[in-house]
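Report on the structure
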Amino acid sequence: PGTTMNTPYGLALGADGTLYVSDQHRINKIAPNATTFSTWVGDSTSGYADSPATPLFHNPASIALDSAGNLFVADTENKRVRKVAADGTTSTLAGDGTQAYLDGVGTAAQMARPQGLAISRDGSTLYDTDTDSPCLRKIDVASATVSTLLGDCANGNAGAGVVDGTSATPAKLGYSYGVTADANNNVFLTQAWDGVARVVSPSGEISTLRDSSGTALAFNFPIGVAVAGDGTIYVGASNGNQIFKLTLAP
C-alpha cells in the first residue's frame, strides 16, 4: 500500500515462499504473506555494475532461481546474464555487453538480447531465448560456457523459421521470448511473432506443439510459458489477453 512497481516482468518463487520480481532496473522481493515489497538489488537508475559496487541493471527481464538461492537475471539491455547470490552479491555470468552473437566462456560470449531465462531442475544449465537471434542458447552454470543448442543465430532473419527437427536437420527457430524447463529436462519456448509454442527434448529435437489432429496450436503473440509439476503447460498470449492451459497427450 502506498508504493507501486514500475514495470514488473519476471517472477521466481523461492522454496521459502519469497517471491522475486524483476522490475525496471531492479529486483524486488515480496516476503511470504506480505502486502509490500522491498528492493533487493538495483535501483531506479539504469546502468551496469557488479559487486562490490552498488549493483545496477538495465531493464532486467526473466529471472530464474536455483535451489541454493542464486538468482539468474536476463539483463536485457545490458546484453548480459547476471548472477545474484543469496547474500545479494552480484556478478556477470555471461556476455560482454555487445549486442552480437558469439558462443564462448563468460564475458567472452556475446548475446543479442537475452530476455527469456530458465534453469534446469538440477541447476546445472540455463536456457536463454536470445530474443534478437533466432536460436536457443544454453549456459553451463559451473563453467559459464555459452553455446547454441538449436537454431541459426549467425544468419539473422534468413535463419528464422518454424522447422522441427534437430541441429543436424537443421531445425529452425523464430525470435523466441518465454522459456521454461520441466522435471524431465524438456524445454518449452514461445515464438511470439510466429504464434506458436515449441518443445525441445533432452536429445535436442525441437517440435511444435500440436493438437490431436496434428495442427500446430496457434496463439496471439505468446510470451509467457510455465510448466507445472504434473506436466501441464501454461501459455500467455499477450496480444490475445488470454492464458491457455495445455495438457500433453500421454
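Below: a short report on this structure. Keep in mind it's a predicted model, so treat the numbers as computed, not measured.

**As for the side chain of Ser133**
Considering the arrangement of structural elements, one finds Ser133 in the loop between β11 (125-130) and β12 (135-140). Apart from the residues within four sequence positions on either side, Ser133 is in contact with Tyr101, Ala112, Cys153, Gly174 and Tyr175.

**Quick look at the nonpolar core**
Residues Phe72, Val81, Leu93, Leu126 and Ile139 are the most contacted members of the largest nonpolar core, which totals 15 residues. The set of elements that each furnish at least two residues to this core consists of β6 (71-75), β8 (90-94) and β10 (114-119). The next biggest cluster of nonpolar side chains, apart from the first, holds 12 residues, and it includes Leu150, Leu173, Ala181 and Ile206.

**Here we look at the layout of surface pockets**
Considering only enclosed or pocket space, the largest pocket measures out at about 1,000 Å³ in volume. Taken together, 42 residues make up the lining of the largest pocket; nearest its centre are Leu11, Ala12, Leu13, Ile63 and Ala64. Elements that contribute at least two residues to the lining of the largest pocket include exactly β1 (11-13), β2 (19-23), β5 (60-65), β10, β14 (176-181), β18 (222-227) and β19 (233-237). When the residues that make up the lining of the largest pocket are grouped by side-chain class, the tally is 26 nonpolar, 11 polar and 5 charged.

**Description of unusual backbone geometry**
Here the amide bond leading from Ser51 into Pro52 is cis, since omega sits at 15 degrees, within 30 degrees of zero. Tracing the backbone through its elements, the reader meets Pro52 in the loop between β4 (38-42) and β5. In this chain, Thr169 is followed by Pro170 through a cis amide linkage whose omega measures 0 degrees. Within the element layout of this structure, Pro170 appears in the loop between β13 (145-151) and β14. Even without being glycine, His25 reaches a positive phi, approximately 70 degrees. Mapped onto the fold, His25 is located in the loop between β2 and β3 (26-30). By relative accessible area, His25 is classed as buried at 7%. A positive phi is found at Ala144, a non-glycine position, where the angle reads about 65 degrees. Relative to the helices and strands, Ala144 is located in the loop between β12 and β13. Given a relative accessible area of 11%, Ala144 falls into the buried group.

**A few points about the side chain of Gln191**
Examined against the element boundaries, Gln191 turns out to sit in strand β15 (residues 187-191). At a separation of 2.8 Å, a polar atom in the side chain of Gln191 contacts the side chain of Asp194. In this structure, Gln191 is in contact with Gly161, Val162, Leu173, Gly174, Tyr175, Ser176, Val196, Arg198 and Pro222, ignoring residues within four places of it in sequence.

**Regarding the sheet that holds strand β16 (residues 196-200)**
Taken together, the 4 strands give an open sheet; going across it, the order is β14-β15-β16-β17, and neighbouring strands pair in antiparallel fashion. With one partner strand each, in any of the chains shown, β14 and β17 (206-208) form the two edges of the open sheet. Strand after strand, the sheet turns through a mean of 25 degrees between neighbouring axes, direction not considered. For β16 and β17, the ladder comprises 3 bridges, and the chain directions are antiparallel. Pairing of Arg198 across the sheet is with Thr208, part of β17.

About the thresholds
Residues numbered from 1 in each chain as written. Predicted model: local features only at pLDDT ≥ 70, side-chain atom pairs only at ≥ 80, totals over all residues. Heavy atoms only, no water. Helix = DSSP H or I, 4+ residues; strand = E, 2+ residues; numbered from the N terminus. Contact = heavy atoms within 4.5 Å. Core = buried A, V, L, I, M, F, W, Y, C linked by side-chain atoms within 4.5 Å. Buried < 20%, exposed > 50% of the residue type's maximum accessible area, 1.4 Å probe, protein only. 1 Å grid on protein atoms, 1.4 Å probe; cavity = no way out; pocket = protein on both sides within 12 Å on 5 of 7 lines; lining within 4 Å. Points joined across faces, edges and corners; volume = space filled by probe spheres on them. Nonpolar A, V, L, I, M, F, W, Y, C, P; charged D, E, K, R; others polar. Polar contact = N/O pair within 3.5 Å; in protein donor to acceptor, adjacent residues only side chain to side chain. Pairing = 2+ DSSP bridges. Axes fitted to C-alpha atoms, helices over the stretch in contact; angles between N-to-C directions.

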